[in-house]
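Architecture and fold: a report
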There are 4 protein chains.
Amino acid sequence: MNAPFLNDLRTSYSLIERFRSVRMQTMALCTPLETEDYVVSSMVDVSPTKWHLAHTTWFFETFIIKPYLPSYQTFDSRYAFLFNSYYEQAGARQCRSLRGLATRPTVTEVFTYRSYVDEAVENLFDKIDDDCQHPAWRKLEMGLHHEQQHQELLLTDIKHVLWTNPLRPTYRNDSASSLHTAFQRQRWEPIEEGLYIIGNAEDQFTFDNERPAHKTYLQSAKLSHSLVTNAEYSAFIADGGYQTPGLWLSDGWRMVQSEQLRAPLYWEQYNGQWHEFTLHGELPLSPTVPVCHISYYEADAFARWAGYRLPTEAEWEIVANRHSTQQINLQQISFHPSPASDDNHIQQLFGQVWQWTQSPYIAYPGFYPSCDVLGEYNGKFMCDQWVLRGSSCLTPPGHTRTTYRNFFPSDARWQFTGLRLAADG
Amino acid sequence: MNAPFLNDLRTSYSLIERFRSVRMQTMALCTPLETEDYVVSSMVDVSPTKWHLAHTTWFFETFIIKPYLPSYQTFDSRYAFLFNSYYEQAGARQCRSLRGLATRPTVTEVFTYRSYVDEAVENLFDKIDDDCQHPAWRKLEMGLHHEQQHQELLLTDIKHVLWTNPLRPTYRNDSASSLHTAFQRQRWEPIEEGLYIIGNAEDQFTFDNERPAHKTYLQSAKLSHSLVTNAEYSAFIADGGYQTPGLWLSDGWRMVQSEQLRAPLYWEQYNGQWHEFTLHGELPLSPTVPVCHISYYEADAFARWAGYRLPTEAEWEIVANRHSTQQINLQQISFHPSPASDDNHIQQLFGQVWQWTQSPYIAYPGFYPSCDVLGEYNGKFMCDQWVLRGSSCLTPPGHTRTTYRNFFPSDARWQFTGLRLAADG
Amino acid sequence: MNAPFLNDLRTSYSLIERFRSVRMQTMALCTPLETEDYVVSSMVDVSPTKWHLAHTTWFFETFIIKPYLPSYQTFDSRYAFLFNSYYEQAGARQCRSLRGLATRPTVTEVFTYRSYVDEAVENLFDKIDDDCQHPAWRKLEMGLHHEQQHQELLLTDIKHVLWTNPLRPTYRNDSASSLHTAFQRQRWEPIEEGLYIIGNAEDQFTFDNERPAHKTYLQSAKLSHSLVTNAEYSAFIADGGYQTPGLWLSDGWRMVQSEQLRAPLYWEQYNGQWHEFTLHGELPLSPTVPVCHISYYEADAFARWAGYRLPTEAEWEIVANRHSTQQINLQQISFHPSPASDDNHIQQLFGQVWQWTQSPYIAYPGFYPSCDVLGEYNGKFMCDQWVLRGSSCLTPPGHTRTTYRNFFPSDARWQFTGLRLAADG
Amino acid sequence: MNAPFLNDLRTSYSLIERFRSVRMQTMALCTPLETEDYVVSSMVDVSPTKWHLAHTTWFFETFIIKPYLPSYQTFDSRYAFLFNSYYEQAGARQCRSLRGLATRPTVTEVFTYRSYVDEAVENLFDKIDDDCQHPAWRKLEMGLHHEQQHQELLLTDIKHVLWTNPLRPTYRNDSASSLHTAFQRQRWEPIEEGLYIIGNAEDQFTFDNERPAHKTYLQSAKLSHSLVTNAEYSAFIADGGYQTPGLWLSDGWRMVQSEQLRAPLYWEQYNGQWHEFTLHGELPLSPTVPVCHISYYEADAFARWAGYRLPTEAEWEIVANRHSTQQINLQQISFHPSPASDDNHIQQLFGQVWQWTQSPYIAYPGFYPSCDVLGEYNGKFMCDQWVLRGSSCLTPPGHTRTTYRNFFPSDARWQFTGLRLAADG
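Residues numbered from 1 in each chain as written. Chains lettered and ligands numbered in written order. Predicted model: local features only at pLDDT ≥ 70, side-chain atom pairs only at ≥ 80, totals over all residues. Heavy atoms only, no water.

1. Here we look at the overall build of chain A
- Summing up its helical and strand segments, chain A has 10 helices and 12 strands in all.
- For chain A, whose C-alpha radius of gyration is 22 Å, the value lies close to the compact-globule estimate of 22 Å for 425 residues.
- For chain A, the proportion of its 425 residues judged to be buried stands at 62%.
- Counted over contacts in chain A with a minimum sequence separation of 6, partners at least 24 positions apart contribute 78%.
- Split by element, the accessible area of chain A, about 16200 Å² in all, is 50% carbon and sulfur.
- In chain A, which carries 34 positive and 48 negative side-chain charges, the distance between the mean positions of the two groups comes to 2 Å. (Helix = DSSP H or I, 4+ residues; strand = E, 2+ residues; numbered from the N terminus. Rg over C-alpha atoms; globule rule 2.2 N^0.38 Å. Buried < 20%, exposed > 50% of the residue type's maximum accessible area, 1.4 Å probe, protein only. Contact = heavy atoms within 4.5 Å. Areas by Shrake-Rupley, 256 points an atom, 1.4 Å probe, with all protein chains shown as cover. Lys, Arg positive; Asp, Glu negative; His and termini not counted. Charge placed at Lys NZ, Arg CZ, Asp CG, Glu CD.)

2. Some remarks on the interface of chain A and chain C
- Each side of the interface is counted separately: chain A has 29 residues, and chain C has 29 residues.
- Summing both sides of the interface, chain A and chain C together bury roughly 2500 Å²; the carbon and sulfur share of this comes to 65%.
- On the chain A side of the contact with chain C, Glu36(A), Arg104(A) and Leu167(A) bury the most area, a combined 30% of that side's loss.
- Of the charged contacts in the structure, one is a salt bridge between Arg104(A) and Asp37(C), with a shortest N-O distance of 2.5 Å.
- Looking at the side of chain A that touches chain C, the elements that each hand over two or more residues are helix H3 (79-83), helix H4 (107-128) and helix H5 (135-164) of chain A.
- Examining the composition of the side of chain A that touches chain C, we find that 3 residues originate from one element, H5(A), more than from any other.
- Residue classes in the side of chain A that touches chain C are distributed as 14 nonpolar, 10 polar and 5 charged. (Buried area = accessible area lost by both parts, 1.4 Å probe. Salt bridge = Lys/Arg side-chain N within 4 Å of Asp/Glu carboxyl O. Nonpolar A, V, L, I, M, F, W, Y, C, P; charged D, E, K, R; others polar.)

3. As for the relation of the copies chain C and chain D
- Superposition record for chain C on chain D: RMSD 0.1 Å, screw rotation 180°, translation along axis 0.0 Å. Viewed as a symmetry operation, the transformation between the two copies matches a two-fold axis. It is Asp384(C) whose C-alpha, among those of chain C, lies nearest the rotation axis, at 2.3 Å.
- A share of 97% of the interface residues of chain C reappears at the interface of chain D, consistent with the copies meeting face to face through the same patch. (Least-squares fit on C-alpha atoms with pLDDT ≥ 70 in both.)

4. Comments concerning helix H8 (residues 296-306) of chain C
Residues and elements named next belong to chain C.
- Summarising burial for H8: 8 of the 11 residues are buried, a large majority.
- Of all the residues in H8, the buried ones are Tyr296, Tyr297, Glu298, Ala299, Asp300, Ala301, Phe302 and Ala303.
- Tucked into the core, H8 has its buried residues touching helix H6 (230-238), helix H7 (250-258), strand E8 (354-360) and strand E9 (386-389).
- Two residues or fewer after H8 comes glycine 307, characterised by a positive phi angle close to 85°.

5. Observations regarding the interface of chain C and chain D
- In this assembly, 33 residues from chain C lie in contact with 33 residues from chain D.
- Each partner contributes to the roughly 2500 Å² buried at the junction of chain C and chain D, and carbon and sulfur atoms together form 58% of this total.
- Interface area lost by chain C to chain D is led by Tyr217(C), Cys383(C) and Asp384(C), which between them contribute 19%.
- One can count 0 salt bridges joining chain C with chain D.
- At the junction of chain C with chain D, the criterion picks out 6 residue pairs in polar contact (both at pLDDT 80 or more).
- Mapped onto the side of chain C that touches chain D, the elements with two or more residues apiece are strand E3 (214-218), H7 and E8 of chain C.
- Of the residues assigned to the side of chain C that touches chain D, the class counts are 15 nonpolar, 10 polar and 8 charged. (Polar contact = N/O pair within 3.5 Å; in protein donor to acceptor, adjacent residues only side chain to side chain.)

6. Comments concerning unusual backbone geometry
- For the bond from Arg104(B) to Pro105(B), the omega torsion is -5°, close enough to zero to count as cis.
- Within the secondary structure, Pro105(B) sits in the loop between helix H3 (79-83) and helix H4 (107-128).
- The backbone of Asn271(C) sits at a positive phi, close to 50°, despite the residue not being glycine.
- The residue Asn271(C) is located in the loop between strand E5 (267-270) and strand E6 (273-278) in this model.
- A positive phi angle, near 60°, is found at Asp384(C), a position not held by glycine.
- Given the relative accessible area of 23%, Asp384(C) is considered partly exposed.

7. Section: the side chain of Thr402(B)
Residues and elements named next belong to chain B.
- The residue threonine 402 is located in the loop between strand E9 (386-389) and strand E10 (406-408) in this model.
- Residue classification places threonine 402 among the buried residues on the basis of a relative accessible area of 8%.
- At 2.7 Å, the side chain of threonine 402 forms a polar contact with the side chain of asparagine 321.
- The contact partners of threonine 402, leaving out residues within four places of it in the chain, are Trp316, Glu317, Ala320, Asn321, Ser324, Gln327, Phe350 and Arg389.

8. Quick word on the sheet that holds strand E6 (residues 273-278) of chain B
All names here are of chain B.
- Spatially, E5-E6-E7 is the arrangement adopted by the 3 strands of the open sheet, whose pairing is antiparallel. The outermost strands of the open sheet, each flanked by one partner alone, are strand E5 (267-270) and strand E7 (281-284). Direction aside, the axes of adjacent strands within the sheet are offset by 35° on average.
- Of the strand pairs in this sheet, E5 and E6 are connected by 4 bridges, and their pairing is antiparallel. By the bridge assignment for E6, tryptophan 267 is matched with glutamate 276.
- Packed on one face of the sheet, helix H6 (residues 230-238) meets E5 and E6 and runs near 65° to E5. (Pairing = 2+ DSSP bridges. Axes fitted to C-alpha atoms, helices over the stretch in contact; angles between N-to-C directions.)

9. Focus: the state of the cysteines
- Applying the stated criterion across every chain, the model contains 0 disulfides over all chains.
- Looking at Cys383(C), it has no disulfide partner, and the nearest cysteine sulfur is the one in Cys383(D), 11 Å off.
- Using a relative accessible area of 3% as the deciding quantity, one classes Cys383(C) as buried.
- No disulfide involves Cys393(D); its nearest neighbouring cysteine sulfur is the one of Cys292(D), lying 6.4 Å away.
- For Cys393(D), a relative accessible area of 2% puts it in the buried group. (Disulfide = S-S within 2.5 Å.)

10. Side note on the environment of Tyr308(B)
- Within the element layout of this structure, Tyr308(B) appears in the loop between helix H8 (296-306) and helix H9 (313-322).
- Residues within four places of Tyr308(B) in sequence aside, it is in contact with Trp188(B), Ala303(B), Leu421(B), Ala422(B) and Ala423(B).

11. Overview of the side chain of His225(C)
All names here are of chain C.
- Here histidine 225 shows up in the loop between strand E4 (221-224) and H6.
- In terms of polar contacts, histidine 225 uses its side chain to reach the backbone carbonyl oxygen of tryptophan 188, at 3.5 Å.
- Not counting the four nearest positions on each side in its chain, histidine 225 is found in contact with Arg187, Trp188, Glu189, Asn344, His345, Ile346, Gln347 and Arg420.

12. Some remarks on the packing of helix H1 (residues 15-29) of chain A against H5(A)
All names here are of chain A.
- The interhelical angle for the contact between H1 and H5, taken along N-to-C directions, is 20°, at an axis separation of 10 Å. Classified by the angle their axes make, H1 and H5 are roughly parallel. For H1 against H5, the interelement crossing comes out left-handed. Touching Leu15, Arg18, Phe19, Val22, Arg23, Gln25, Thr26 and Leu29 of H1 are Trp137, Leu140, Glu141, Leu144, His145, Glu147, Gln148, Gln151, Leu154 and Leu155, all from H5.
- Classifying every residue of the contact of H1 with H5 by side-chain character gives 9 nonpolar, 5 polar and 4 charged. (Parallel < 35°, antiparallel > 145°, perpendicular 65-115°, else oblique. Left-handed = near helix turned anticlockwise from the far one by under 90°.)

13. A word on the domain arrangement of chain A
Residue and element names in this part refer to chain A.
- Per the domain assignment, the segments making up chain A are domain 1 (15-164) and domain 2 (188-230 + 289-424).
- Facing 28 residues of domain 1, the contacting portion of domain 2 comprises 26 residues.
- Buried area between domain 1 and domain 2, both sides added, is near 2400 Å², and the carbon and sulfur share of it is 63%.
- Linking domain 1 to domain 2 there are 0 salt bridges. (Domains from an automatic or database assignment.)

14. Some words on the pattern of salt bridges
Residues and elements named next belong to chain A.
- Counting across every chain of the model gives 76 salt bridges over all chains.
- Here arginine 322 and glutamate 189 are joined by a salt bridge, their closest N and O atoms 2.8 Å apart. With arginine 322 in helix H9 (residues 313-322) and glutamate 189 in strand E1 (residues 188-191), this pair connects stretches of sequence that are 133 residues apart.
- Using a relative accessible area of 10% as the deciding quantity, one classes glutamate 189 as buried.
- Each of Arg23, Arg114, Asp118 and Glu147 takes part in salt bridges that share partners, so that together they form one network.

15. Here we look at the sheet that holds strand E12 (residues 422-424) of chain B
Residue and element names in this part refer to chain B.
- Spatially, the 3 strands line up as an open sheet ordered E1-E4-E12, and their pairing is antiparallel. In this open sheet, the two strands that pair with only one neighbour each are strand E1 (188-191) and E12. Between one strand and the next, the sheet's axes are offset by a mean angle of 25°, whatever the strand orientation.
- In this sheet, strand E4 (residues 221-224) lies alongside E1 in antiparallel orientation, the contact comprising 4 bridges. Residue pairing for E4: isoleucine 191 is matched across the bridge by alanine 221.
- Against the sheet, H9 engages E1, E4 and E12, with an angle of about 105° to E1.

Set out below in structure tokens:
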């Protein structure tokens, strides 16, 4: 049996109610796991579940409790070293590659740590009450979004851990959504040439990298109504896509050869059929489901093969702003993407897979990282990564925005990543 | 004694005259070398001089002579494997790391190969005469620009080979320019907010990546009149720049630590003073000369420390178009950068060091690589690199354009790379 | 509280009684561990506790139950792949580096696997009764010795896992033996020049590499009465032993430099004093305890510094045969070595640390590996390793012999390894 | 045309005459090379020819001229850093991997260095005259043997450099010996069980590792009359030798898999036939010639496949002492091994290939390295290597002894290494 996942995170709730909900949701995601599953890191990008649970807690303890709740007694002073991720200004931290080797604190001790810090947050907010000008308020909101990011990472990482095991254990025993609709012809949403504004100017929480709003000039273009499907991607494979150097970026072709790439991560072919490892276990490939777990190199090569290109992040955002109610309608996460419907309008903007764009991840004009330690949040990663837009089936409801900028390097495949085609107008 | 370098490459010359001049110039650059110096590769990015001489020749043989001169007898059919660089569609090629291990063909045999192909080019152009519509015409022009790129690389690479040797041999025995002018206060050239056109639309030779011309919207900004100097960069070092993680991109900070970076490549400190290895040998650091041989990480960290930022490539190009006569005035290469003058206008746009910009190297809107084998020229490297603008002291005269886009990855330091500061307007 | 370790393994017991005892002992060793501790591998040489428990069980299942108990139903056919160590002829096996990444089967499932196979062994022996000519008899005896080897490895490995954790958890809460005796002057046991017989010729269980017994000629020599102590080894460090290249083998000096060796593994210096991480936690260094966790390189360099040499394995065995009752007197394992007594005779031959010899690990004259799959047991490792003699504080009682040949490569330090000095006679 | 190699090095000549002869011979070996061939290192074990020429010269300069010829002016003080190999006590030295990157000094400068030091040696010996008690005398003799070792290495290394080049240049244009005799049945030379003396006790030059002579006890055994041939080794390959894990040491099997070994180094199969790259160029494999360029792993696996074993070094030396005139009869080097004759006695002990033994390379009983800097000569390599006996076709005449101990690690294949079978008596 699987856990009843909690997803009802309306922003109308009070901040402390949202805090409780996010924290409970993280725990709910762990329900299918055995103690052993919490411990290991199956590759360098993957953090142990135990680490995610403790790190998100350390974030609240370090940036909210310690500065604003003077009576607080640190749970364990050695945890700062173990559970800092990359905040250089917050002190020394353990080498990332050692995360999967530390068997202590145990899972139970990490759960205790979570409860202890949760109680401290409750105490702090009893005092602050609803003073939303208090500096802890903004930081707590940041902490919630930070934990939601780690909810998605936790699932992405545990998928890789389970897949690494030759026994291929299943995360959820219910089957993946079987709602298969008819195959779509390519339909397009147009963008007129002209001057637009992108980036977030509203008085709500955003990450720093979504700001400031600024003008940008777009050539005329169009975006596909739906995401590239497994069937379409299989055609690329069958047509020799992985054997044709002219389709690939130079670095991508090198990766194809050195890692012997032949299909997306988690795909395996046997008994004359492609299969895909999912959080529901290993399943025959569904043709209408969006392709997932592909690198930027693969997304780019596919688009070139298809005669199209990837969208820019500005194109994607302009279109998404026209259809922003799509994000509101997401009520819960699912554990695998679903097919598009027959409707004749752009869809699958949110809640399926992160969509690679052809925009490198750099600062918006006028962006400067804030100066405190939380200023390390995003700016220092603005190098050699690409922007992904939308959200995935694992993204917690309430954690999507049309201006949201996700980012990964060109070779990342363990994320829930796919693509939407674009073309010049 | 040093060779009389030939630099008089006016575009008014005929194409075949320009061909002779470029080919002779490459040979002239080799005059100070011993036979042994032609053979080795001192690190993975560095190609042997022998390889540069043969590869540029193979380019003419493969793309111009073989297709258009039917009577041509291949010089040695095995050279295609040895001297192809990265043209996947032009057949198999030797692994890059083996370039420095092949002692044969000898330098003399490579010289013979050059003469043999040069003669074939002369024969071909006797027939074509001045039919500038002939398809070989455009390709020969491409071949000349290709060889000019390798002239610069040849010098950049041999500098690294000589430096690797504990004996620190000298390339040129004359001393570096000693024209030291007064230290400059920071002055700025403004850019108004608005819509601009960048990219090349003219009917002259350009690389594919400079096209098409297209509109772009710029916020108001300003560019420094001159390049950052050794004195300014020394102040950054003295202020603990290499010990302050908050100044660095995350990948950059990792490089600082893993490679123990403390100064630009080729700098060494002894007897209480910084020295710099140059093509004139090892010299005390000159304070007014532009800083050189720094990575993107270092340029970016310096700008952050100084309270400014790097320019975008669009900002740089807009300003350079206003001062495009600067490139015309370059009459010859020099072997080390020179200080700025006292003049109160923007300078050092060309002929000193390549200038890092904050623009990732990607396709312009509407750019698609051409479909033939030469279409591999630039497009497939559009990933994880930054654009550099201007030209360096090693760039051959006639090989500069305001629209020229050079590109290197973030950690490249063996190139002649420096920076110019920018700021929001 | 710590577990009551079972050590009463008299050989007078029946084989099935010894089987039960050995199997229970392995479980008893795990009592202090948390579930998380069973899962990880802290470096390439270290196997997870979970793997040791399953691998030793797989050994009985594969080599004893499956061939001789036809009614047996395999517990899980996928375990053969997961828990084979290096038996090429017994089928494919998981890459060693993945052992620490497989979170499933869980610890509980491994315990179930052990019970299941134990029951099958009981069933088999009900049938065999006391027919000690049955071929399963000899193999079960081999399996017991194999499991005893893994008992020692399990403790050695878990020590490294706990030490890797910055929290430095403790395996046993009782303190290490504090019986410190007076410091010993160097006394010697002589060996006369002449022809000797070494190797095992008796009708008891031995590993194949201890046979055949054969003649060997020894020069006159002498062996130290006791093991080198922490105090003596500290003097070597204080005298610059790790900074003097002339004391080291060439490969050893390279290791000293590349890994910055300054002391044995698990030693750390703070507050002006050396400390040692033990299974009782981190303790101040005891001067009279034998030095432990040193590589062959360190043992060899120490001996050269001291003006002596390491013994050959023949010298060691000749002397040990004279004092073979020492091994009988060992009643239980301890978790850290102990000081020598004041007695004026050779001591510490067994039960303290494995003693490096200067004998490479090769076949005895006339040795040929047996041809069945168990023939892979020892022969194929006879390359680039050294023989160690005696036994350590972790070696299970009943698992020692004067002819026993342990072996490790020159750089192994995570084993309980020390040394005894020798000299020409 | 090839150089007239000088090989007439009778020991009756005076020491200074032998010095001239050895030094000229080294130069003669370089005659077929181009300047470019002197510069590179084609893998980590291979030193450039230029380095061999300078290093052997540095040896005479450092250990003989500087201590005993006070008037000597150092040729270039920076050469000590460049051309020291591994003498820690003789000062800092260049990292081995940089040897192939230093283009200066040029080949011509190295030749000048040789002449300069040769003249100093002549001056020194004018003074010493024939005082063979002078300490320089013994060291010069060591220097000659050292240079003879490097003559063999120089050829071994240049073979690898030429083979690395896709053009496969030829060292000698004359063809390899074509004297093919009838295929041999296996015949054996017996050894009786008993006590023997091995090691060198005579008053002639030897390396330190051949001493002292000492007693050793041998079981009865027998050695094959001739070396294993290419035909025999081909049968091993055809029988799946490289696909049968049971034949291999564990480390050997790992190397077979990771490096995809299928045949000896320098073998290549095309047109349905094996070919072998030799110093005479690439030739079809000759069936009766001894197999060459195999690792210890391959020699050991072959012997196991054939049902025999490798000899011990003691067995080999006992037999060689009975036939020691074989070494005297060698008058010159050849560049590839030759077949055995039909004679019914043991042969090919010297002058064909180095013969792997099953004896690890360790100190003889009573051996202690001498204390001066030359004491580093052999002792510090006594770890993880195997003894090879005899000599190869490249070994200079006068450089062979029945007690000579060559040594290489298990995976070395670029040496001229083969095997002779042995069996228990």
